[in-house]
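Listed below are the residues making up each chain.
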Amino acid sequence: MTLRDAPSGRDMAAPRTTSWAARLAPAMEAALRLFLAGLFAYASLDKIAHPDQFAAILHDYRLLPQAVVPFTAVVLPWLEAVLALALVLGRWREGALFLSVALLAAFWASLAVNMARGLDVSCGCFSAAKDSDGNMAWYLVRDGFFVLTGLAAWYLGVWRRRRSPGG
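Residues numbered from 1 in each chain as written. Predicted model: local features only at pLDDT ≥ 70, side-chain atom pairs only at ≥ 80, totals over all residues. Heavy atoms only, no water.

A.B. asks: Which residues make up helix H4 (residues 93–117), and what values go with them?
C.D. replies: Helix length check: H4, at 25 residues, gives a terminal C-alpha distance of 36 Å against a target of 36 Å (1.5 Å per residue), a fit within 8%. Those residues of H4 lying buried are Ala-96, Leu-97, Ser-100, Val-101, Leu-103, Leu-104, Ser-110, Leu-111 and Asn-114. A positive backbone phi angle near 85 degrees is found at Gly-118, which sits one or two residues after H4. (Helix = DSSP H or I, 4+ residues; strand = E, 2+ residues; numbered from the N terminus. Expected span 1.5 Å × (residues − 1). Buried < 20%, exposed > 50% of the residue type's maximum accessible area, 1.4 Å probe, protein only.)

A.B. asks: Explain the packing of helix H3 (residues 69–89) against H4 residue by residue, including any values.
C.D. replies: Running from N to C, H3 and H4 cross one another at 140 degrees; their axes reach a closest spacing of 10 Å. The angle between H3 and H4 places the two elements in the oblique class. In the packing of H3 onto H4, the handedness of the crossing is left-handed. Here Leu-76, Leu-79, Glu-80, Leu-83, Ala-86 and Leu-87 of H3 come into contact with H4, specifically with Ala-96, Leu-97, Leu-99, Ser-100, Leu-103 and Phe-107. Taken together, the residues of the contact of H3 with H4 break down into 10 nonpolar, one polar and one charged. (Axes fitted to C-alpha atoms, helices over the stretch in contact; angles between N-to-C directions. Parallel < 35°, antiparallel > 145°, perpendicular 65-115°, else oblique. Left-handed = near helix turned anticlockwise from the far one by under 90°. Contact = heavy atoms within 4.5 Å. Nonpolar A, V, L, I, M, F, W, Y, C, P; charged D, E, K, R; others polar.)

A.B. asks: Pulling in residues and values, what's your account of the environment of Arg-142?
C.D. replies: Structurally, the position occupied by Arg-142 is in helix H5 (residues 136–163). Spatially, the C-alpha atom of Arg-142 lies 9.1 Å from that of Trp-108, the residues being 34 residues apart in sequence. Other than its neighbours up to four places away in sequence, Arg-142 contacts Cys-123, Cys-125 and Phe-126. Within the local environment of Arg-142, its side chain forms a polar contact with the side chain of Asp-143, the two groups lying 3.0 Å apart. (Polar contact = N/O pair within 3.5 Å; in protein donor to acceptor, adjacent residues only side chain to side chain.)

A.B. asks: Please provide a residue-by-residue account of helix H1 (residues 20–49), values included.
C.D. replies: For H1, with 30 residues, the first-to-last C-alpha span of 44 Å sits near the 44 Å given by 1.5 Å per residue. At Pro-26, H1 is bent by approximately 30 degrees, the largest bend along its length. Where H1 is concerned, the buried positions are Ala-25, Glu-29, Leu-32, Arg-33, Leu-36, Ala-37, Leu-39, Phe-40, Ala-43, Ser-44 and Lys-47. (Bend = angle between axes of the 7 residues up to and from the residue.)

A.B. asks: Could you give me a rundown of the confidence of the model for the chain, with the residues and numbers involved?
C.D. replies: Mean pLDDT over the chain works out to 86, with 82% of the residues at or above the 70 mark. Element-level pLDDT for the chain is lowest in H5, with a mean of 88, against a maximum mean of 97 in H3. (pLDDT = per-residue confidence, 0-100.)

A.B. asks: Hey, could you go over the environment of Phe-40 for me, with residue numbers and the actual values?
C.D. replies: Within the secondary structure layout, Phe-40 lies in helix H1. Residue Phe-40 is classed as buried on the basis of its relative accessible area of 2%. C-alpha separation for the pair Phe-40 and Trp-78, spaced 38 residues apart in sequence, amounts to 9.8 Å. The contacts of Phe-40, once residues within four sequence positions are left out, are Glu-80, Leu-83, Ala-84, Leu-87, Ser-100, Leu-103, Leu-104 and Phe-107.

A.B. asks: Explain the packing of H1 against H3 to me, using residue names and the numbers behind them.
C.D. replies: The geometry of H1 relative to H3 is characterised by a closest axis approach of 8 Å and an angle of 150 degrees between their N-to-C directions. It follows that H1 is roughly antiparallel to H3 by the angle criterion. Seen from above, H1 lies across H3 with left-handed handedness. Residues Arg-33, Leu-34, Leu-36, Ala-37, Phe-40, Ala-41, Ala-43, Ser-44, Lys-47 and Ile-48 of H1 pack against Ala-73, Pro-77, Trp-78, Glu-80, Ala-81, Leu-83, Ala-84, Leu-87 and Val-88 of H3. Partitioned by chemical class, the residues of the contact of H1 with H3 number 15 nonpolar, one polar and three charged.

A.B. asks: Outline the pattern of salt bridges, supporting the account with residue identities and numerical values.
C.D. replies: A complete count under the given rule lists four salt bridges for this structure. Between Arg-93 and Glu-29 there is a salt bridge whose closest N-O contact spans 2.7 Å. Pair noted here: Arg-93 is in helix H4 and Glu-29 is in helix H1, with a separation of 64 residues, a long-range link. You can call Glu-29 buried: its relative accessible area is 1%. Residues Asp-143 and Arg-142 are paired through a salt bridge, measuring 3.0 Å at the closest nitrogen-oxygen approach. Pair check on accessibility: Asp-143 and Arg-142 agree, each one buried. (Salt bridge = Lys/Arg side-chain N within 4 Å of Asp/Glu carboxyl O.)

Right, here's the structure in full:
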């Protein structure tokens, strides 16, 4: 090999440094997952304890057939609790994050539909007690934030990993 054949400094691949955002992403994803887990765990507690009151709130939404309201009032809070556990443990990450985003989006859409109808329904988000003096606009903003949080967790925990080399 002559000097002419030797690779120059410009041709040699420099070791790629990881950006600060890439190094921070796993910690952010974990923090967002834990936030969502706390959200779902807290949301499930009162509804599990009072399924009859939660059923009354679901009935007021006027989105489900009356025949499935009692079943939903029992199953949905337990689904939220199991989802919280899956998010904390990081097990079934992709499914747990997908379901989190889907549920949060469905909750947000339910509020939006009822606000568009002119109905002032009790949110039922964190309590099974009816309180129709809630502010529907506030619920929409707050739950919109929750949807964005879920999307951010899904982006960091699923989509970004699938797109990264070796991930």
